[in-house]
Amino acid sequence: MAVMDNADTQAGLSMRDGSAAEFPQGFLWGGATSSCQIEGGYGLDGRGDTLYDYLPVSKNRYAWYTEGNHLTQDAYYPCRKGIDFYHTYREDIALLAQMGIKAFRLSVAWSRIFPTGEEKQPCEEGLAFYESVVDELLAHGIQPVVTILHYDIPLALIERYNGFASRQVVDLYVRYATALFDRLGSKVPYWLTFNEINIMEHCPLDAGVRDLGDDPRETIARTAHHQFLASARAINEYRRRGYTGKVGCMLGYEPVYPQTCNPEDVLMAWNSERQQLQYSDVQAFGRYDQAVLDGYDANGWDVVHEGDLKEIATGSVDFVSFSYYSSATVSADPNAAMERGNITYSVENPYLQRTQWGWLIDPLGLELALLKLYDRYRLPLFIVECGLGVRECPPADGGPIQDDYRIDYLRRHIEAARCAVAAGVDLMGFLTWSPLDMPSAATGEQEKRYGFVYVDADNQGCGTYERSKKASFDWYAKVIATNGAEV
Ligand code: BG6
């Protein structure tokens, strides 16, 4: 048997030289947003309350709601104001169009369409608003990518049903999704059923669940199943209507590294990763892993009902989308200090730096993410969030913010994506989080800024809300104009 020497083994690495690779024609360069972070327009035109209307600016903002403070206290609630996109969308879209973006991801606020989630008929003002946003995008040659639910479930569905822990909410979601398809189906080419469907393991309120019951593991399994079922039914409704767009799942994905080559660390890393992937497995393969179903049976959990698996099988997705902010690193040592990133907990990784918010910066992790997801699913992939949140102040001389750190961050991630494309990954697009500054989802801080466009507002909602371009605005315009050849 021939034994490879060191030089031969390096050949594997040379395969990742993506410098000559081109992004495919029609690559969807753009940016992503969510209704509860940009719209504002609180209570306008019949919009009902959502969870995010009651989350203040705080590192522990979800506890504020679960502890019942929203009933007795008042505070500044940043998502009621967002960045006022409800009123400024025309100007904002015109500004982003100057960058030449090809795609813009927005989400619909369920409570603008069905204020409590339970009405029989959709609210015309809500539908008209989103149709107008979509028309505005199309008029600028920008493809809308619509997320049906990005966290802001109507408050009434949390209080009455405990969100997706209840099976009734599946039908309510499908009625809502169907109303969107009936109005926007012929105009919107890309749909995502749930944002970061796996995040509810860490933040159950994002699936509307405020009570984890006696056995939180069962509640999480049931909630996840109801979301899979809701997604599949919605996809089946979409296809039944004959629309020809594509519907994807959306995973909050962090590849997981073992801290050492101790097999205990390696196994733990792989299991932690499988924990994330089991969500996209169901939606992409259209079936559960049999071991998962056997586990439900063994525990006596009432999760899957007759007929559900058939619906899930026919309602699998056309593509797999995901957010990418960082990798995570785990250790089997029970005393290792763990810190929360966006999705998972991680021990220190001495090879990586952290953002001002402690998130690990790991461009190569994106390449790895793409390779792993493509190897697993062999479906088109779509990066629908990637970006750097930092504190920024406009310079005193009135010039643009020189956000070289953002350019560097995005450049390195785009290069990593290019290497994955060179290795054969079918990649649909790259959407940054987010083209405009907006309140953070996790903490509500406006001052955690991701945009190419600065929005003049602070954490208390004070400011003019005027928009101004940062240096990265022109840089991203050039990236798009050259289809990624010049980064
Ligand atoms: C993603 C969410 O997980 O992370 C976005 O889908 C969110 O809604 C983004 O904004 C960044 O998180 P944060 O808390 O910095 O806004």
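Quick note: structure is the one above.
Residues numbered from 1 in each chain as written. Predicted model: local features only at pLDDT ≥ 70, side-chain atom pairs only at ≥ 80, totals over all residues. Heavy atoms only, no water.

The subject of this paragraph is the pattern of salt bridges. Here the structure, examined in full by the defined rule, presents 30 salt bridges. Here E131 and K187 are joined by a salt bridge, their closest N and O atoms 3.0 Å apart. One end of the pair, E131, is in helix α9 (residues 124-139); the other, K187, is in the loop between α11 (168-184) and β4 (190-194), with 56 residues separating them in the sequence. Salt-bridge contacts for R217 lead to D215; the nearest nitrogen and oxygen are separated by 3.8 Å. When salt bridges with common partners are traced through the structure, they connect E392, D403, R406, D437, R449 and K470 into a single cluster. (Salt bridge = Lys/Arg side-chain N within 4 Å of Asp/Glu carboxyl O. Helix = DSSP H or I, 4+ residues; strand = E, 2+ residues; numbered from the N terminus.)

Turning to the pairing of strand β3 (residues 143-149), a few remarks are in order. For β3, the tally of buried residues reaches six of seven residues, placing the bulk of the element in the interior. Pairing of strand β2 (residues 103-107) with β3 involves five bridges; the strand directions are parallel. Note that in β3 the partner of R105 across the bridge is V145. Pairing between β3 and β4: four bridges, direction parallel. (Buried < 20%, exposed > 50% of the residue type's maximum accessible area, 1.4 Å probe, protein only. Pairing = 2+ DSSP bridges.)

For the ligand, the set of nearby residues contains 15 residues, the closest of which are Q37, E196, E385, K448 and Y450. Here an oxygen atom of the ligand sits 2.7 Å away from a polar atom, N or O, in the side chain of E385. When the ligand is considered free in solution it has 380 Å² of accessible area, and contact with the protein chains removes 98% of it. Here the shell around the ligand is built from residues that sort into seven nonpolar, five polar and three charged. (Near = heavy atom within 4 Å. Polar contact = N/O pair within 3.5 Å; in protein donor to acceptor, adjacent residues only side chain to side chain. Areas by Shrake-Rupley, 256 points an atom, 1.4 Å probe, with all protein chains shown as cover. Nonpolar A, V, L, I, M, F, W, Y, C, P; charged D, E, K, R; others polar.)

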